[in-house]
Amino acid sequence: MEATSRSFKDNARHALVDPDLQQALARMKAGFVVNRAAAVARLPEFDKLRDEARAIKDHTLEHLDFYLERFERQVTAAGGHVHWCRTADEARQAILAICRSVDAKTVTKGKSMIGEEIAINDYLEANGITAVETDLGEYIIQLRHEPPSHIIAPAIHVTKKQVADSFYATHRTLDAGRKLDEPRALVDEARAMLRQSYLDADVGITGANFLIAETGSTVIVTNEGNGDLTQTLPKIHIVTASLEKIVPTLEDASTILRVLARSATGQEFSAYTTFSTGPRRAGDLDGPGEFHVVLLDNGRSALLGTELQDILRCIRCGACMNHCPVYGAVGGHAYGWVYPGPMGAVLTPTLIGVEEASDLPNASTFCGRCEEVCPMRIPLPKLMRHYRERAFDRGLMPPLPRLALALWAFLAKRPLFYRWTVGLGVRLLALAGSRRGRFRRLPFAGGWTRHRDMPAPQGKTFQQRWDEAGGAR
Amino acid sequence: MSDARDQILATIRRARGGNGDAAFHAVAEQRLQLKARGTIPKRVDRGPAALVDLFVEQALTLSATVDRVASPDAVPAAVAEYLARENLPATLRAAPSPEIEAIPWRDRPALTVTFGRSDGHDEVGLTPAFAAVAETGTLMLRSGPDHPTTLNFLPDTHVVVLRASRIVGPYEEGWAMLRAAGAMPRAVNFVSGPSRTADIEQTIQLGAHGPRRLHIVLIEDGDAR
């Protein structure tokens, strides 16, 4: 998809005044946040499991080449194929070639962020193959020609009325007189429409939450059952996965699974967790005849050994965005590409370049909630700060903030001069604001004071008061 | 694509620096052999009978229904009554497994039982369970000639026949049983309650694409391991 991350500020401005979106975001806070907290409270071992989950991924990344080669060997031994792809384009070509090998007309898809990252639907459509999303949320946004706004709840920004409108507009068999005003009716309508797609599809494409080196298995975690129908019924099952999804053993996957669903939806375990190993076996009555894993790098291997390696632990649970005040205010579309929220603010500049996405690492109050809830203990604020620095170094910051920062740096490096200047500034501000006790407007800070008042200082700096109170006594 | 493979692996090795020797790989190899377990939640630290109770309790919170029966002989009556109660047709598409075939279905002539995969036209599917995980009320289903995967997902109602002696505490015990039973099957399906979605305004609806109902017939075979 075309990235609009460059216009983050405009996107955010529109999002803030979109009443449907604001309503949806309020619902998200009441749902995901509360449910996660309850699930965590029910598992006293949760934090210990987070430590172990982090250690598993750190170990795996340290030995990534070993585990990837073992995974490939096991997939091959089970009768499957692994396709190594450096770029999104190589992955698209690999998938198209597999589809063409059976002259595929239609493809069903389970939800996959890699599918979004490589924009596979558009590519298949351009090559005459119909791609049908089967996850209800993905199906809705496909009908609306929109990208997902959340990595686990892609249509979280859509109201039920809007869903009904999309169904009336696109489902030819749907009687316009039929009422679709309740979620139950909408789910049943989508279920009936998609049922035939599963049975008709030539190829099923899913993502993967994990790849298991020990067994060559791919793992999907879903609630709807669409991923399982997608991968069981067609002739071919293609798994799209980025290479950091790998873990060594079934036990390692089990440990991480204990923190995944709890962090994502607040469930203890998702309805369906499926481990797939190769194609249909001799004697099997169903299952795909071919099993392909499209293993995507797309810049990830270059992160190894750098400060950004930690983001490769991400298991795409969405907890960081569910708890982010910025995501909670503007939603996912404002971020302008596939991955929103704090993990997106780190991953997007990594994957499409800091030039395209320099606003995203700034879309944070650095409150630290994302890191606090991250099941893999990824230091997201630190990684965002890394990109802020990189954007500054590359001169991507507008001149005024740049000048202000340079000025501040000049002062900060000269403590005595800093104290004197700040002391003077605070006295002047206190004098100017003494009548009202606050400022409605401040020069150079119009953006800030447009939405709130600035309290007037009381005449002394923090350091002065600190000294008076006895300081570091 | 072998170029791509070589280049990706080379990038990974370069990032790591010098540590690519045999001793370094031995650490990873050993980890694969050891299959060490992480922390197992204390909630499963209990005897076999209490694990069965925990499984039932957890399955019920996931909106599954559970019927406890004394022996395989009691299964046909229990299934027939469940179907009648739910206003479902007395027609089952069942997994062709010895365990399911050995159930005396003829005791209930009104029940029609056929064996095989589902083509999408079956209202009720019936399968065995390889094992079940008490920790989260999760069924562990293993694909094979005796258990077509389509039965787990296509019918509106999924009835699972589970022996109490197959209930374990954590997932890791399930893996141990699976390894002891032979090679990794094509599919291992962990099933926790019926299909569900919250994609429309965050309200939970059962029966998104998979079964609307998950009914577990638990045979209390008392064969505690």
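Being a predicted model, the structure only gives us computed values, none of them experimental.

K.L.:
Sorry if this is basic, but what is going on with the sheet that holds strand 4 (residues 203–206) of chain A here?
P.N.:
In any sheet, the strands associate via hydrogen bonds between backbone groups, in a parallel or an antiparallel arrangement. All names here are of chain A. Spatially, 6 strands are ordered 1-10-7-4-2-3 in an open sheet, and the strand pairing comes out parallel. The open sheet has two edge strands, strand 1 (81–85) and strand 3 (130–133), and neither has a second partner. This sheet shows a mean twist of 20 degrees between the axes of neighbouring strands, independent of strand direction. Sheet topology note: the strand 7 (residues 236–242)/strand 10 (residues 290–296) ladder contains 7 bridges and is parallel. Within strand 10, the residue paired with Val239 across the bridge is Val293. Along the sheet, helix 4 (residues 64–77) contacts strand 1 and strand 10; its crossing angle with strand 1, the most-contacted strand, is approximately 145 degrees.

K.L.:
Looking at this structure, how should I read the state of the cysteines?
P.N.:
Should the sulfur atoms of two cysteines be covalently bonded, the bond is a disulfide. One pass over the full model with this rule turns up 0 disulfides over all chains. Between Cys314 of chain A, a free cysteine, and Cys320 of chain A, which holds the nearest cysteine sulfur, the sulfur-to-sulfur gap is 6.5 Å.

K.L.:
Sorry, what's going on with the pairing of strand 9 (residues 187–191) of chain B here?
P.N.:
Along a regular strand, successive side chains alternate from one face of the sheet to the other. All names here are of chain B. Of all 5 residues making up strand 9, 5 are buried, and the element is well covered by its neighbours. Bridge analysis of strand 6 (residues 138–142) against strand 9 gives 4 bridges, and the strand direction is antiparallel. Considered in strand 9, the bridge of Leu139 is made with Val191.

K.L.:
I tried to follow the side chain of Asp65 of chain A on my own but got confused; where do I start?
P.N.:
Tracing the backbone through its elements, the reader meets Asp65 of chain A in helix 4. In this structure the side chain of Asp65 of chain A is engaged in a polar contact, spanning 2.7 Å, whose partner is the side chain of Arg16 of chain B. Leave out the neighbours within four places in its chain, and Asp65 of chain A touches Leu9, Ile12, Arg13, Arg16 and His25 of chain B.

K.L.:
How do you make sense of the interface of chain B and chain A when you look at a structure like this?
P.N.:
The figure often quoted for interface size is the accessible area lost as the parts come together. Listed by partner, the interface residues are 77 residues for chain B and 98 residues for chain A. Here chain B meets chain A over a buried area of about 7,500 Å², counting both sides, of which 55% is carbon and sulfur. Interface area lost by chain B to chain A is led by Arg186, Ile200 and His209 of chain B, which between them contribute 12%. Linking chain B with chain A are 16 salt bridges. One can count 49 residue pairs in polar contact (both at pLDDT 80 or more) joining chain B with chain A. Of all the secondary structure elements, the ones that give two or more residues to the side of chain B that touches chain A are helix 1 (2–16), helix 2 (22–34), helix 6 (150–153), helix 7 (171–180), strand 9, strand 10 (196–197) and strand 11 (205–206) of chain B. Ranked by residues supplied to the side of chain B that touches chain A, first place goes to helix 1 of chain B with 11 residues. Split by residue class, the side of chain B that touches chain A holds 32 nonpolar, 24 polar and 21 charged.

K.L.:
How should the domain arrangement of chain B be read in this particular structure?
P.N.:
Domain boundaries in chain B define domain 1 (1–34) and domain 2 (46–219). For domain 1 of chain B and domain 2 of chain B, the distance between their C-alpha centroids amounts to 41 Å.

What counts as what
Residues numbered from 1 in each chain as written. Chains lettered and ligands numbered in written order. Predicted model: local features only at pLDDT ≥ 70, side-chain atom pairs only at ≥ 80, totals over all residues. Heavy atoms only, no water. Pairing = 2+ DSSP bridges. Helix = DSSP H or I, 4+ residues; strand = E, 2+ residues; numbered from the N terminus. Axes fitted to C-alpha atoms, helices over the stretch in contact; angles between N-to-C directions. Contact = heavy atoms within 4.5 Å. Disulfide = S-S within 2.5 Å. Buried < 20%, exposed > 50% of the residue type's maximum accessible area, 1.4 Å probe, protein only. Polar contact = N/O pair within 3.5 Å; in protein donor to acceptor, adjacent residues only side chain to side chain. Buried area = accessible area lost by both parts, 1.4 Å probe. Salt bridge = Lys/Arg side-chain N within 4 Å of Asp/Glu carboxyl O. Nonpolar A, V, L, I, M, F, W, Y, C, P; charged D, E, K, R; others polar. Domains from an automatic or database assignment.

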